[in-house]
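# Observations on the model geometry
Here are the chains, one letter per residue:
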Amino acid sequence: MLTTGLDNIEGGTGNDKILGLVDGTDNTLTLGDVIDGSGGVDTLSITTDQATVNLAVATVTNVEMLDVNMDATAAPTGAVNGNAGTVNLNSVAYTKATIEGVTGRDAANADSDALTVNNANLATTVVLEDITDVASTVNFAAASGTSDEASVEVAGSTDDATTGQNNDLTVANVETLNLAFTTAANDLNVVSAAAAKEVNVTVAEDANTTLRGGAALGAAKTVNVDAAGDLTLAATADLADGAAITVSGAGDVDLNTLDNGGDGITLDASASTGKVTVTGAADTVSITTGSGDDKVTTGAVATAVALGAGADWFSTGSLDFGAAAAKDVDAGEGRDTLNLDDGSEFDAAATAHFKNFEVLDVVGGTGTYDVDQIALEEVTVSGDVAATDVTITDITDEKLTITGNVTNELTYELKDASGTSDALTVNIAGEHDKTDDKNDLSVADITVAGVETITLASDTDAANVKGTMNSVLDLNTDATKVVVTGDHKLMIGEFYAADGTTVNTSIKTIDASASAGLVMGAAVSTADVSLIGSDQADTLLVGTVTGATGGGAGADDATGSTINAGKGGDIVTITDPVLAADGDQAVDTLIIDAGDSMIGYVDTNANGSYADTDDQETFDVVTGFTSGEDTIDLGSFGFTGQKASGLAAGSLAAGAATDLVNGNTTSIADFFVDTGVQRGVAIVDNYDASAIGGAAGSTLVFIDTDGDGSLDVANDDMIVLSGTSTAALGDFGF
């Protein structure tokens, strides 16, 4: 340990550590000190609270490691401009000289705090460790030649946006710069090395680094990046004309937009196994990537592009590859995506240059895309399209997916829709690259003409947390059958004909049985619709049909719909108009199977108690059921004889139904027994069901699913006929 006096220290053969203090009052590193580390790997460790540390006051030899800890540095403070630190290394050939803990504190004067390291030996690696909001400059002694090489390591740097300071790094007067990012995450603004002709960058694993202002390397002809961790340039790096960039390693590297001007840049990332993201410039010569899932946007059709293995994504950058100067883009192995934003440029002249692509992405697109131009496995829309109507035509067996929100209209057309059983499937596949729990997509309009069956497969992206539901606001089609599948609930807002304006009168079947739920925002305007729900909570609407009028009293003039809502707490709304002349409505049939409408609820908000406004009921609520016109089909229960020949008149006090739903009441003995006779169905009429999802003046229909004559919450079913004050035996089909 150094003292306040004159020291003459000679180390031994081991790894010695010499401690010193620079505090302005009791300095132990003083003028005339002699420090000889002798053998071993020796360390000189200086702790300081001063803005300046001058190693030239001492004679230092045979010391391999220097550590200057400036964590306690007090200046500058307040609104005073000044240096956060100056360190003079006195040209000593340390193996490593570490300056750590420097923090800029001048919030009032942007970019005023600086750390300057002077007289570094070219053989020394200068390490900047835990640097915050400081513009750092490293000056190497004797860097006056034409081939000087120096090394700088950044081991943890932080940029606090609230201070007005930028974490810049400048290295002057060296022709070859070895720049390493290690230890921890690094956030810098601009790295500058104006004289460097070659820059070798290494990023250690877990040392993910961002250069927010890019890099000022105007003389650099060669840039080599070896990234075990991630490297992100948030702005263009200034390089010499004709510069060559190489990228290797498993880290993800984002090079932003390549520099433009002069002879053009070549990028060779063939040795990279991470994701390389880059946008070419107008004069970029070539872009080659490796085996990662790379993302490349070209800046010129004359740039040669080879994407290698991996699931790569390539954008034409709004350029027409039908131009004479266009060169081939080879996507290589893997499932690769081509993004082209103008359907008129997806022609034979352009597509001849696209090799080994499996997917076409029309995000940002406009016009009509004839996907029969090249062999594709999938056509996707990963985000909004630019025009009000994008058409995908000549579809054969391509998978059709939507993975981003779309506010404009998407039209899909088969190459051959001349058959009588043509079908088309659109996969709403969940939004990619999201990190929140709202993994829901909204698609404004989907138009499909000329097919008999359209399937909407509603899913979530496998990498994301599920949200609530996907949405198709308008479905425009002349299909007769709509099928909904997938692991994510789907809302269809409106049903129109294929012209997108007139009401739909073609759909005869909507089948959501293989889905996670269907929410209908409107009914189809078709008589005799078959609605099949899922095993989850569905919202199903039927009605608005127009049938023939007349026919005499009691004659039913319009064939109604059949609703099999399935399991789960479904909401069914019937809105048949009254037909003129005889006042009859369409006869709608509600099919109920055992377990379809169980008594209970799902504790959606996980608070341990039931509330209709917050939780999901497990029983069906049917609005618009007309006693004497509509039918509840209970044929699957097998009720015969006296169980089917009458209804039990049940009785429940106000609030008693809520006790059944929330489980406070689990059974009522002999509930289905009326005048000594056991019935299959009991009704409680004119009941206020407003606390359990219905309305005042409703009828509760209870079904003795287990056949024991008692009401058992765990086994029996219940239907709320909301707003229907009573029901009769003729309303049930046994």
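As a reminder, the structure under discussion sits directly above these lines.
Residues numbered from 1 in each chain as written. Predicted model: local features only at pLDDT ≥ 70, side-chain atom pairs only at ≥ 80, totals over all residues. Heavy atoms only, no water.

### Thoughts on the environment of Leu414
We count it as follows: A run of DSSP states H or I qualifies as a helix once it reaches four residues; a run of E qualifies as a strand once it reaches two. Both are numbered from the N-terminal end. Should any heavy atoms of two residues lie within 4.5 Å, those residues are counted as being in contact.
Position of Leu414 among the secondary structure elements: in strand E39 (residues 406–414). Separated by 35 residues in the primary sequence, Leu414 and Ala449 have C-alpha atoms spaced 8.5 Å apart. With residues near it in sequence (within four places) discarded, Leu414 still touches Asp394, Ile395, Asp422, Ala423, Leu424 and Val451.

### Topic: the packing of aromatic side chains
So the rule is basically this: Ring geometry is summarised as follows: Phe, Tyr and Trp rings, the Trp one being its six-membered ring, pair when their centres sit within 6.5 Å, and such pairs are stacked at plane angles under 30 degrees, edge-to-face over 60 and tilted between the two. Exposed residues in this analysis have more than 50% of their type's maximum accessible area, buried residues have under 20%, and partly exposed residues fall in between, with area computed by a 1.4 Å probe over protein chains only. In this analysis the charged atom, NZ for Lys or CZ for Arg, is taken to sit over a ring once it is within 6 Å of the ring centre and within 35 degrees of the ring normal.
This structure, assessed with the given rule, holds 11 aromatic pairs. Ring geometry for Phe314 against Phe321: centres 6.2 Å apart, planes inclined by 80°, an arrangement best described as edge-to-face. Taken as a pair, Phe314 and Phe321 share a single burial class, namely buried. Between Phe354 and Phe357, the aromatic rings sit 6.3 Å apart at their centres with planes inclined by 85°, giving edge-to-face as the arrangement. Each member of the pair, Phe354 as well as Phe357, carries the same accessibility label: buried. One aromatic cluster is present, formed by Phe314, Phe321, Phe354 and Phe357 through successive ring pairs. Here the basic side chain of Lys295 rests over the ring of Trp313, its NZ or CZ set 5.0 Å away from the ring centre.

### What to know about the nonpolar core
Taken as a class, soluble globular proteins show a tendency for nonpolar side chains to be buried jointly. To be explicit about the condition: By nonpolar core is meant a set of buried Ala, Val, Leu, Ile, Met, Phe, Trp, Tyr and Cys residues that side-chain atoms within 4.5 Å join together.
Counting 157 residues, the largest nonpolar core has Leu44, Phe140, Leu169, Phe314, Tyr412 and Ile446 as its most contacted members. Looking at which element gives the most residues to this core, the answer is E39, with 4 residues. For Leu44, the contacting residues outside a window of four places in its chain are Leu2, Ile18, Ile35, Leu55, Val60, Val63, Met65, Leu66, Asp67 and Tyr94. Counting residues in hydrophobic clusters, the runner-up holds 23 residues, among them Ile599, Tyr610, Ala689 and Phe702.

### With respect to unusual backbone geometry
Positive phi is not limited to glycine here, since Asp133 has a value of about 55°. Locating Asp133 in the fold gives a position in the loop between strand E11 (125–132) and strand E12 (135–140). Taking relative accessible area as the criterion, Asp133 reaches 2% and is therefore assigned buried. Within the chain, Ala606 stands out as a residue other than glycine whose phi angle is a positive 55°. Within the secondary structure, Ala606 sits in the loop between strand E53 (601–602) and strand E54 (616–617).

### Examining the sheet that holds strand E3 (residues 34–36)
As a reminder of what qualifies: Strand pairing is assigned whenever DSSP identifies at least 2 bridges connecting the two strands. Axis definition: a line fitted to C-alpha atoms, over the contacting stretch in the case of helices. Angles run 0 to 180 degrees between N-to-C directions.
If you walk across this open sheet you meet the 3 strands as E1-E3-E6, and the pairing is parallel. With one partner strand each, in any of the chains shown, strand E1 (8–10) and strand E6 (59–61) form the two edges of the open sheet. The average undirected angle you get between the axes of adjacent strands in this sheet is 0°. With 3 bridges joining them, E3 and E6 adopt parallel strand pairing. Directly across from Val34, in E6, lies its bridge partner Thr59.

### Details of the pattern of salt bridges
This is how the line gets drawn: Put simply, a salt bridge is a Lys or Arg side-chain nitrogen that is within 4 Å of an Asp or Glu carboxyl oxygen.
Tallied over the full model, the rule gives 5 salt bridges. For Glu377, the salt bridge is made with Arg335, and the minimal N-O distance between the two is 2.3 Å. Highlighted residues: Glu377 in the loop between strand E35 (367–370) and strand E36 (378–381) and Arg335 in the loop between strand E31 (329–330) and strand E32 (337–339), separated in sequence by 42 residues. With its nearest N and O atoms 2.7 Å apart, the salt bridge here joins Asp372 to Lys415. With Asp372 in the loop between E35 and E36 and Lys415 in the loop between E39 and strand E40 (423–428), this pair connects stretches of sequence that are 43 residues apart. Overlapping salt bridges bring together Arg335, Glu377 and Glu378 as one network.

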